[in-house]
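# Coordinate analysis (summary)
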Amino acid sequence: MSCSSEVSRLHLEPFPKALTASLAVLLLSLLALAPAPGEAQVGFQVVKKAKLQLALDRDSYAPGDTARIAAVAVIDDNWHIQSHTPSLEYLIPSEVSFTLPEGWPEPTLSWPPDKLWQSQFEADPLAVYDGTTVIVATLEIPDNAATGSFPLDGELYFQACDDRQCVAPTSAEAFVAMTIGETSGAEINQQLFDQSSGEGSTGATNATGGNSQGPRGFFGILLLGVLGGLFLNAMP
């Protein structure tokens, strides 16, 4: 029997429906991570559209003092990041977190009012931040805090969008040197805190060290793609 006859008898099974749907959604997830034309990328790390700066309200603090930290998000022109209370469930909220000495309480965050932005893909306006946005963290320094100077690390987790696209969620990091002494120091950077108090606040939240809204990063998006495909397969 010839090889051609044997090949003609082979029965090629189609891909399972669940696998096909999963691969399709996974491909779309990968495409969502691709940078816009002209953007540099290493692996899946897209160019960031916002940066973070940190500032303190005093040049030093005494144990037991209340410190205020201004987390200043500087967002690129013509771009915005999502509000920390986004308008829609599928949008990724902005978050601010800090790395503190062991035993220190988490600070309380006061966010400025968001702005309403009209997108091309939603009928209702979306809550966003743009330009320079100041988030104020209020930190209670423990009474037994050791004296000295240490770096206070902060992180802004966000997803940036413009009127055409959203890039992959990413983080911006910054640090500021905090000094604990015997007495309270002089006030500094008051214009930042005056600006924030003048804007008002949409509410206070506790800063956390991670994104409580869902999985972060590349592997989280891959997982969502696979689960989305399985969900589509289960639909009638």
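Just above sits the structure.
Read on for a plain summary of the structure. (Residues numbered from 1 in each chain as written. Predicted model: local features only at pLDDT ≥ 70, side-chain atom pairs only at ≥ 80, totals over all residues. Heavy atoms only, no water.)

### Observations concerning the overall build of the chain
Put simply, the rule reads: Labels follow the DSSP assignment, with helices taken as runs of H or I lasting at least four residues and strands as runs of E lasting at least two, numbered in each case from the N terminus. For every residue, the accessible area (1.4 Å probe, protein chains only) is compared with the maximum for its type, and the residue is labelled buried under 20%, exposed over 50%, or partly exposed between those bounds. Any two residues whose heavy atoms approach within 4.5 Å at even a single point are treated as in contact. Note on areas: these come from Shrake-Rupley sampling with a 1.4 Å probe, and a residue is covered only by the protein chains present in the view.
Of the regular secondary structure elements, the chain holds 4 helices and 14 strands. The buried share among the 236 residues of the chain stands at 39%. Taking contacts inside the chain between residues at least 6 apart in sequence as the whole, the part at least 24 apart equals 77%. Approximately 13200 Å² of the chain is accessible, and the part contributed by carbon and sulfur atoms is 58%.

### What to know about the sheet that holds strand β11 (residues 148-158)
Our working rule: A pair of strands is treated as paired once DSSP finds two or more bridges between them. The axes are straight lines fitted to the C-alpha atoms, using for helices just the contacting stretch, and the angles between their N-to-C directions are given from 0 to 180°.
Strands sit in the order β6-β11-β13 across an open sheet of 3 strands; the sheet is antiparallel. The open sheet has two edge strands, β6 (95-99) and β13 (170-180), and neither has a second partner. Adjacent strand axes in the sheet meet at a mean angle of 20 degrees when their direction is disregarded. Sheet analysis places β6 next to β11, joined by 5 bridges and oriented antiparallel. Within β11, the position partnered with Phe-98 by the bridge is Gly-154.

### Structural notes on the sheet that holds strand β12 (residues 160-161)
Strand order in this open sheet of 4 strands is β8-β9-β5-β12, and the pairing throughout is antiparallel. Looking at the sheet topology across the chains shown, the edges are occupied by β8 (115-117) and β12. Bridge count between strand β5 (residues 80-82) and strand β9 (residues 126-129): 2 bridges; the pairing is antiparallel. Opposite Ile-81, over in β9, you have Tyr-129 as the bridge partner.

### As for the nonpolar core
Condition: What makes a nonpolar core is a set of buried Ala, Val, Leu, Ile, Met, Phe, Trp, Tyr and Cys residues whose side-chain atoms join them at distances within 4.5 Å.
Residues Phe-98, Trp-104, Leu-152 and Met-178 are the most contacted members of the largest nonpolar core, which totals 35 residues. When contributions to this core are tallied by element, the ones reaching two or more residues are β3 (50-56), β4 (66-75), β6, β7 (108-111), β10 (132-140), β11 and β13. Not counting residues up to four positions away in its chain, the partners in contact with Leu-152 are Leu-54, Leu-56, Ile-69, Phe-98, Thr-99, Leu-100, Ala-174, Phe-175, Val-176 and Met-178. Residues Ala-55, Val-72, Val-134 and Val-136 belong to the second largest nonpolar core, which totals 7 residues.

### Description of the packing of aromatic side chains
For any two aromatic rings, the description comes down to two numbers: the centre-to-centre distance and the angle of the planes. Note the threshold: Ring pairs shown here join Phe, Tyr and Trp side chains whose ring centres sit within 6.5 Å, with only the six-membered ring taken for Trp; geometry is labelled stacked below 30 degrees between planes, edge-to-face above 60, and tilted in between.
Counted under the stated rule, the structure contains 2 aromatic pairs. Measuring from ring centre to ring centre gives 5.5 Å for Trp-104 and Phe-150, while their planes differ by 85 degrees; the resulting arrangement is edge-to-face. Here the residue Trp-104 occupies a position in the loop between β6 and β7, and Phe-150 occupies one in strand β11, the gap between them amounting to 46 residues. Just as Trp-104 is buried, Phe-150 falls in that class too.

### Structural notes on the state of the cysteines
Note the cut-off: Cysteine sulfur pairs qualify as disulfides if the two atoms are within 2.5 Å.
Scanning all chains against the criterion turns up 1 disulfide. Shown here is the disulfide that connects Cys-161 with Cys-166, its sulfur atoms set 2.0 Å apart. The chirality of the disulfide connecting Cys-161 with Cys-166 is right-handed, given an S-S dihedral of about 105 degrees. Judged by relative accessible area, Cys-166 falls into the partly exposed class, the value being 30%.

### Here's the deal with the environment of Ala-174
With respect to the helices, strands and loops of the structure, Ala-174 is situated in strand β13. Using a relative accessible area of 16% as the deciding quantity, one classes Ala-174 as buried. Between the C-alpha atom of Ala-174 and that of Leu-156, which follows or precedes it by 18 residues, the distance is 8.7 Å. Each residue touching Ala-174, except ones within four places of it in the same chain, is listed here: Leu-52, Gln-53, Leu-54, Leu-152, Asp-153 and Gly-154.

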